[in-house]
Amino acid sequence: MKGMRKEFKCLLAALFVYVFMCGVLFLQQTWSHVTEPLPPHTSHQHHHNHDGAQFPREGLPLLESLIKSDSFLEQGIKLKWIGERIDRLSHSWHKAQHNLSLTSEKLFENPKKILLFPGLVSEYSAYDFANNAYKGGYLGELVQWSDLIASLHLLGHQLTLFTSSKQLKERVKRNEVTFDLVYTDYLGLYAFHDSKHFALYKCRFRILDSFGTEPLYNFRTAEFEADKSVGMYNNWNFEDTRQLLTLFPHTPDNSFLGFVVEEAHLEPGHTKQNQGLVYGKEGYYILGRERYLDVIGESIALHSTFKEPVASQPAHITNHGVLPQAELQKLLQDSKLFVGLGFPYDGPGPLEALANGCAFIQPLFPEHRSYKNDAFFRGKPTSRELSTQVPYLFDYVGEPYVYTVDVSREEAIREAVRKALGSGPLPPYIPYEFSQQGMMERLGVYIQHQDLCDGTDLAVGKTASSSSVHGGHSASEAVDGEPVDNSCFWSAKGRSHWWTLDLSTEHTLSKIRVTNQFEWLVVKGWGKVFINPFVVTLLDSRGERVASKRFNDSRTFYLWENINLRARSIRLDSLEYTEERYFVLCGVEVYGSDAARLVWPDLTLLRPITSQLGESCKNACFRNKMLCEPSFFKPINTQHALREKFSCRHTSHVEERHVDSPLTHTHTHSTLTHTLKQV
């Protein structure tokens, strides 16, 4: 990070030492239909696993009750592919459910009420995922949604599933929280905004986000507003980026949801052919890779499943067109090699190939791919730099299943192919974190322990006053418990404004959140309304100043955390307005010390490591074949944790020069967190 010191010796990378969470420790068309809550149906029917044991156990839900319910079937084509995948994998899903219930029974307790809104099949999606799934379209997101829905149902949660924003407006209460969690995607968030539910569920959202959102790009500021390359993903301002659920474990500030890799069912004595399958559905993927394929074709017959081959496709490649899942799996089972072309990035295909006993060969990128040189990443809130097509397989699997080569060196290609073909038959391999049991286990633990909502809002209903009022929007509307656009305090136009809140008595405060206007909506033609710069001041019972914090940038949410001071009143003052402006507050939330959540798991269960000079937390974790977990960064990087928990006594103090900047401070969670000075 620019401007941050790099003289540190005992930087602790927050490591995830629980296999059940991330599992990467030891390599291991009816638009108007509405669904009622999907039935938590249980049955006494039993399936049998290979050793004769019955599953699921009595009382556990069956997938049949999910995919054959009227509410699921009424969605028509929108959920057809998702339902077919759930049905195809139902036997192995129930086996995983049974095994997990034997070892982690508590994950099936305390079922939640969960709302699911897959925005990718709603009217907010310009791409027809549902129909194109049968025409060679994108499947990664549908795979993840399918596996998420199946996992939640099998864990016993009560699900409600919508695919139209109309139903959110008609069936979900606007002034009462009726769901414990809401799973959606970036497209779905627009539906919740339009239906005025966003603020109500903001801490309960879990967003499927394949490529991740780094904190640096999460807070929308004037700088990012002017940057047209940032795109639509920046305007939600989540205060906790663990709400974002990724496809692969690549962004430690987010949560790794993953997906399930289908088990192969090879016939006894099955023999593979001397052939390979080229990864990809679009023929143009091979452009620039023709010689690479020619070299591989010297040793093995190649097949492809391109929708429309390009003219430059080598003649020795046999193209089958888009295949049904069963035929594609048969082609994989007959192949020894799965050939990556460098795109698509982070797709499920290579893991499916490993599950069918194929080795995967992928190009190494001499110049790392990112938003700086690849249009694919523009508009995505990440600065990830990919060194290869599927970095997870390079970092955590490797040979003999994965070979990463410099495709400009023909001898390197030949050597990789020789090693892959000469390693003998590969047994099917699925990393635990991408198995059905692994995903259910991880998801169950998230639901049990990842509480991202605060305690009681002390401000609701308390007495508020202001320097002026416009249009009847009184000061009390900022503390009515609805921090949404249609319930806001508005001042009269002017150059100086103040707003105060009396909590009636002194409290020890932990956090204050100020909500301007969501997405700076244009209201009655007045244009965008910014409240920055402004200052928040804490006052004691005598009206004397306790502390203050200034905010300069333009955002939707402003957060003052880790206050730990006693105060009775809170005052907001505008600063340095050079022209007459409105002062708008849609919400001022105040939380006491009871809002502090327990650290999970206990610090003593974590294993500290020492980073190399100048090395980030993330890279220190990867070097040790582990993952960072962002919720541990704050409690770990303190003097108490360093000295008492981990006996790290050669640091004098934790330097927190960047703590006042929400942007910088939050972003450092995935890089350096706090810099530690060496004595």
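Residues numbered from 1 in each chain as written. Predicted model: local features only at pLDDT ≥ 70, side-chain atom pairs only at ≥ 80, totals over all residues. Heavy atoms only, no water.

**Topic: the overall build of the protein**
Part 1 of the reasoning: Looking only at helices and strands, the protein features 20 helices and 25 strands.
Part 2 of the reasoning: In the protein, which comprises 679 residues, the share counted as buried stands at 57%.
Part 3 of the reasoning: Accessible surface for the protein amounts to roughly 27,800 Å². Of this, 50% is attributable to carbon and sulfur atoms. (Helix = DSSP H or I, 4+ residues; strand = E, 2+ residues; numbered from the N terminus. Buried < 20%, exposed > 50% of the residue type's maximum accessible area, 1.4 Å probe, protein only. Areas by Shrake-Rupley, 256 points an atom, 1.4 Å probe, with all protein chains shown as cover.)

**With respect to the state of the cysteines**
Part 1 of the reasoning: Considering all chains together, one arrives at two disulfides under this definition.
Part 2 of the reasoning: The side chain of C203 participates in a disulfide bridge whose partner is C453; the two sulfur atoms lie 2.0 Å from each other. Handedness here is read from the sign of the S-S torsion; for C203 and C453, about 90 degrees, the answer is right-handed. Taken together, the residues span a long stretch of sequence, with C203 in the loop between helix 9 (198-201) and strand 6 (205-208) and C453 in the loop between helix 16 (436-449) and strand 16 (463-466) at a distance of 250 residues. (Disulfide = S-S within 2.5 Å.)

**Concerning the packing of aromatic side chains**
Part 1 of the reasoning: Applying the stated criterion across every chain, the model contains 29 aromatic pairs.
Part 2 of the reasoning: Both rings, one in F211 and one in F376, keep their centres 5.2 Å apart while their planes meet at 75 degrees; by these two values the pair is edge-to-face. Residue F211 is found in the loop between strand 6 and helix 10 (222-226), and its partner F376 is found in the loop between strand 13 (359-369) and strand 14 (386-388); the two are separated by 165 residues along the sequence.
Part 3 of the reasoning: In this structure F376 comes out as partly exposed when scored by relative accessible area, which is 26%.
Part 4 of the reasoning: Where F534 meets Y558, the ring centres are 4.9 Å apart and the plane angle is 90 degrees; that geometry is what we call edge-to-face. Of this pair, F534 sits in strand 19 (residues 534-539) while Y558 is found in strand 21 (residues 557-574), placing the two residues 24 residues apart along the sequence.
Part 5 of the reasoning: Under the relative-accessibility criterion, Y558 is labelled buried at 1%. (Phe/Tyr/Trp six-rings, centres within 6.5 Å; stacked < 30°, edge-to-face > 60°.)

**Structural notes on the side chain of Q362**
Part 1 of the reasoning: Along the chain, Q362 turns up in strand 13.
Part 2 of the reasoning: A polar atom in the side chain of Q362 sits 2.9 Å from the backbone nitrogen of V390.
Part 3 of the reasoning: Within the structure, the side chain of Q362 is placed 3.1 Å from the side chain of T404, a separation counted as a polar contact.
Part 4 of the reasoning: Excluding anything up to four places from it in sequence, Q362 contacts Y292, G340, T388, Q389, V390, F394, V402, Y403, T404 and V405. (Polar contact = N/O pair within 3.5 Å; in protein donor to acceptor, adjacent residues only side chain to side chain. Contact = heavy atoms within 4.5 Å.)

**Focus: the environment of I531**
Part 1 of the reasoning: Within the secondary structure, I531 is located in the loop between strand 18 (498-515) and strand 19.
Part 2 of the reasoning: Sequence-distant contacts of I531, that is, excluding residues within four places in its chain, are made with V514, N516, Y558, Y577, R581, F583, V584 and L585.

**Structural notes on the packing of helix 4 (residues 90-103) against helix 16**
Part 1 of the reasoning: In the contact formed by helix 4 and helix 16, the axes pass within 8 Å of each other and the chain directions differ by 50 degrees. When the axis of helix 4 is compared with that of helix 16, the two are oblique. Considering how the two elements wind past one another, helix 4 and helix 16 form a crossing that is right-handed. Taken together, the residues of helix 16 that come into contact with helix 4 (itself represented by S92, W93, A96, Q97, N99, L100 and T103) are Q436, Q437, M440 and E441.
Part 2 of the reasoning: Taken together, the residues that form the contact of helix 4 with helix 16 break down as four nonpolar, six polar and one charged. (Axes fitted to C-alpha atoms, helices over the stretch in contact; angles between N-to-C directions. Parallel < 35°, antiparallel > 145°, perpendicular 65-115°, else oblique. Left-handed = near helix turned anticlockwise from the far one by under 90°. Nonpolar A, V, L, I, M, F, W, Y, C, P; charged D, E, K, R; others polar.)

**Focus on the nonpolar core**
Part 1 of the reasoning: By size, the foremost hydrophobic cluster in this structure holds 94 residues, and its most contacted members are L116, Y183, I296 and I361.
Part 2 of the reasoning: Among the elements that make up this core, the one with the highest residue count is helix 6 (residues 140-154) (eight residues).
Part 3 of the reasoning: Beyond its immediate chain neighbours, meaning those up to four positions away, Y183 contacts I114, L115, L116, F117, W145, L148, L152, R206, L208, L245, L443 and I447. (Core = buried A, V, L, I, M, F, W, Y, C linked by side-chain atoms within 4.5 Å.)

**Some points on the pattern of salt bridges**
Part 1 of the reasoning: Under the criterion given, the structure shown has 24 salt bridges.
Part 2 of the reasoning: Where E64 meets K68, a salt bridge forms, and the shortest distance between an N and an O atom there is 3.4 Å.
Part 3 of the reasoning: Judged by its relative accessible area of 41%, E64 is partly exposed.
Part 4 of the reasoning: Exposure remark for K68: the relative accessible area of 54% places this residue in the exposed category.
Part 5 of the reasoning: A salt bridge links E415 to R418, with the shortest nitrogen-to-oxygen separation between them at 2.5 Å. Within this pair, E415 and its partner R418 are both found in helix 15 (residues 410-422), separated by three residues, close to a single helical turn.
Part 6 of the reasoning: Because the salt bridges share partners, they merge into one network encompassing R291, E298, E410, E411 and R414. (Salt bridge = Lys/Arg side-chain N within 4 Å of Asp/Glu carboxyl O.)

**A short note on the environment of E367**
Part 1 of the reasoning: Among the secondary structure elements, E367 is positioned in strand 13.
Part 2 of the reasoning: On a C-alpha basis, the gap between E367 and L386 in space is 8.8 Å, while along the polypeptide they are 19 residues apart.
Part 3 of the reasoning: Among the polar contacts listed, one links the side chain of E367 to the side chain of N373, at a separation of 3.3 Å.

**Focus on helix 11 (residues 290-297)**
Part 1 of the reasoning: Among the residues of helix 11, E290, Y292, L293, V295 and I296 are the ones counted as buried.
Part 2 of the reasoning: Packing partners of the buried residues in helix 11 comprise strand 9 (275-278), strand 10 (301-304), strand 11 (317-319), strand 12 (337-339), strand 13 and helix 15.

**Considering the confidence of the model for the protein**
Part 1 of the reasoning: Confidence along the protein averages 78 in pLDDT terms, with 75% of residues attaining 70 or more.
Part 2 of the reasoning: When the elements of the protein are averaged for pLDDT, strand 25 (residues 675-678) gives the smallest value, 26, and strand 12 the largest, 98.
Part 3 of the reasoning: Across residues 222-226 the pLDDT falls below 50, and counting only partners more than four positions away or on other chains, this stretch makes ten contacts in the model.
Part 4 of the reasoning: Low pLDDT, under 50, characterises residues 228-233; the stretch is placed with 13 contacts to residues that sit more than four places away or in other chains. (pLDDT = per-residue confidence, 0-100.)

**Side note on helix 8 (residues 186-194)**
Part 1 of the reasoning: Among the nine residues in helix 8, seven count as buried, and that is most of the element.
Part 2 of the reasoning: Listed in full, the buried residues belonging to helix 8 are Y186, G188, L189, Y190, A191, F192 and H193.
Part 3 of the reasoning: Against the buried residues of helix 8 lie strand 3 (113-117), helix 7 (165-171), strand 5 (181-185), helix 9, strand 6 and strand 7 (244-246).
Part 4 of the reasoning: Phi for K196, located one or two positions after helix 8, is positive at around 65 degrees.

**A short note on the sheet that holds strand 8 (residues 255-256)**
Part 1 of the reasoning: In spatial order, the strands read 4-3-5-6-7-8; together these six strands make up an open sheet with parallel pairing. Unpaired on one side and paired on the other, strand 4 (158-161) and strand 8 mark the two borders of the sheet.
Part 2 of the reasoning: Relative to strand 7, strand 6 runs parallel, the two being bridged by two bridges. By the bridge assignment, L208 is partnered in strand 7 with L245.
Part 3 of the reasoning: Sheet contacts for helix 8: strand 3, strand 5, strand 6 and strand 7; angle to strand 5, the most-contacted strand, approximately 120 degrees. (Pairing = 2+ DSSP bridges.)

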